[in-house]
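Structural characterization, general
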Amino acid sequence: MIKIIDTTLRDGEQTSGVSFAIKEKLSIARLLLEDLSVDRIEVASARVSDGEFGSVKEIAKWAKSKKMLDRVEVLGFVDGLTSLNWIKDAGCQVINLLCKGSLKHCKYQLKKTVEQHIADIKEVVSNAEKMGITVNVYLEDWSNGIQESPEYVFQLMDGLKDLKIKHFMLPDTLGILNPEQTERYCREMIEKYPNLLFDFHAHNDYDLAVANVFSAVKAGIQGIHVTINGLGERAGNAPLSSVLAVLHDQLKLKTNVKEKEINHVSKLVETYSGIRIPTNKPVVGDNVFTQVAGVHADGDAKKNLYFNELLPERFGRVREYALGKTSGKANIRKNLEALGIQLDDKSMQKVTKRIIELGDKKQVVTPHDLPYIVSDVLKDENVEEHVKVLNYSLSLAQGLKPVANILVEIEGVKYQETSSGDGQYDAFMKALWKIYDKLGKPHPILVDYVVSIPPGGRTDALVQTMITWNLNGHLLKTHGLDGDQTEAAIKATIKMLNRI
């Protein structure tokens, strides 16, 4: 059983531009320990700020009420009683003591000998024992230390191995190791100190963090440090989602983490951090369970020929089939089936041709667009346009709020309304929702709004607006394409109204 230690709230928060509010930190801690069931979490660095102290105190209070306090850890420093008192006052009982794992760090940063550093560490460990605080030790810059000054690393370890230290944590602080080195050095530590517990802490500077985790576990490491979405300094840390997939599928090992909760937690941390998940990021990226090529959809329909062990259902997701210039009839048919639309072969050919044309123009086609494409190509009356924008006027004047005057037709009845807003689109939406409110019709919440210009675009290029909506917990995306951003957004909005 491999133990997972999540350090999103400490190392992950060191991502440039990321700062979690107290309630956000508490929310993430709850998700990590309760929903995901990671084994331990590192939540902060001691002595950082009053805000950090407040967040740790809130997390500790909650964790204690859930009998999970021993799974909450705080980074502390070799500073006598200072970090220990900070952690104790915050209500925690585990310190991850930051020690120097390389001769360079000890000599040039601390300006001390290894003997002096060991003596200082022993003092903190002794004080922690008296205070009832459990000690884990980080060997900071261990990856450089084990390569350039192994005698220093082993002298340090020999001085600490008999102390009351629960875990020795081996960080590749600057992300310099490759998988071969990781396995060799981790195995060397384990063979030299077989009675000690080691964690491995990877950084992703060479995009090798997950591969290095693979090698560390092969060497016998039992504890792995991760962050949600790979957050962390510089290129980040090993992402939990990918690490789990590798441990479970490639190494056939078990963890306590619940795979089905990963996507939900990743999306929430994306929102809190403001760092978007790349669409092609394994396991949690928007596109990773989307088949694009028509031949793939055809193979899946016949014998799941293009499936691997990374089934989307494991991670609380579903497989999708993209629509674009490489789409075949199999892709399109699968999406139509999901919408309850059946077409004969001749009609399928026409729809396929239109989707390929749109793809050649770099326009994104979503499953929600299919009814419109079918209607446009086949003039199919089964897909009715229940909501139409007959006319609208948008005004913008300096020093005044934008105003929208709109005329819409809903189920054959015309309605007119006027409203102001913070922008032209906002004014349009407020006028529209006035009509919907009067009619007692539900309307969704806008949760994301993305504007893009196709690659190679010029000042007169088409603008694509992709909007994500939430109606009673159900998410849907619609888009509009036009030379004007507001017009594109209005087109996306009308698609959504007819879709629901």
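See the structure printed just above.
Residues numbered from 1 in each chain as written. Predicted model: local features only at pLDDT ≥ 70, side-chain atom pairs only at ≥ 80, totals over all residues. Heavy atoms only, no water.

Backbone-to-backbone hydrogen bonds join strands into a sheet, with any given pair of strands oriented parallel or antiparallel. In spatial order, the strands read S1-S2-S3-S4-S5-S6-S7-S8; together these eight strands close into a barrel with parallel pairing. For this sheet the average axis-to-axis angle between neighbouring strands, irrespective of direction, equals 30°. Here four bridges tie strand S2 (residues 40–45) to strand S3 (residues 72–77), and the two strands are oriented parallel to one another. Residue glutamate 42 lies in a different strand from S3, and its bridge partner there is glutamate 73. (Pairing = 2+ DSSP bridges. Helix = DSSP H or I, 4+ residues; strand = E, 2+ residues; numbered from the N terminus. Axes fitted to C-alpha atoms, helices over the stretch in contact; angles between N-to-C directions.)

Most of S2 is tucked away: six of the six residues are buried. Alignment of strand S1 (residues 3–6) against S2, held across two bridges, turns out to be parallel. Bridging across to S2, isoleucine 5 finds its partner in arginine 40. Running through helix H2 (residues 50–65), the crossover from S2 to the neighbouring parallel element S3 is right-handed. (Buried < 20%, exposed > 50% of the residue type's maximum accessible area, 1.4 Å probe, protein only. Right-handed = clockwise from strand over helix to strand, strands pointing away.)

A word on the side chain of histidine 225. Its place among the elements puts histidine 225 in strand S8 (residues 223–226). In this structure the side chain of histidine 225 is engaged in a polar contact, spanning 3.4 Å, whose partner is the side chain of tyrosine 138. (Polar contact = N/O pair within 3.5 Å; in protein donor to acceptor, adjacent residues only side chain to side chain.)

Time to look at the pattern of salt bridges. Taken as a whole and assessed by the stated rule, the structure comprises 26 salt bridges. Across the pair lysine 161 and aspartate 162 runs a salt bridge, and its minimum N-O distance is 3.7 Å. In this structure aspartate 162 comes out as exposed when scored by relative accessible area, which is 67%. When the shortest N-O distance is used, the salt bridge between lysine 252 and glutamate 309 registers 3.2 Å. Of the two residues, lysine 252 sits in the loop between helix H10 (240–250) and helix H11 (262–273) while glutamate 309 sits in the loop between helix H12 (294–303) and strand S10 (320–321), which places them 57 residues apart along the sequence. A residue is classified by how much of its surface remains accessible, and lysine 252, at 55% relative accessible area, is exposed. With relative accessibility at 45%, the residue glutamate 309 sits in the partly exposed group. Residues joined by salt bridges that share partners form a network here, namely Arg10, Asp11 and Glu42. (Salt bridge = Lys/Arg side-chain N within 4 Å of Asp/Glu carboxyl O.)

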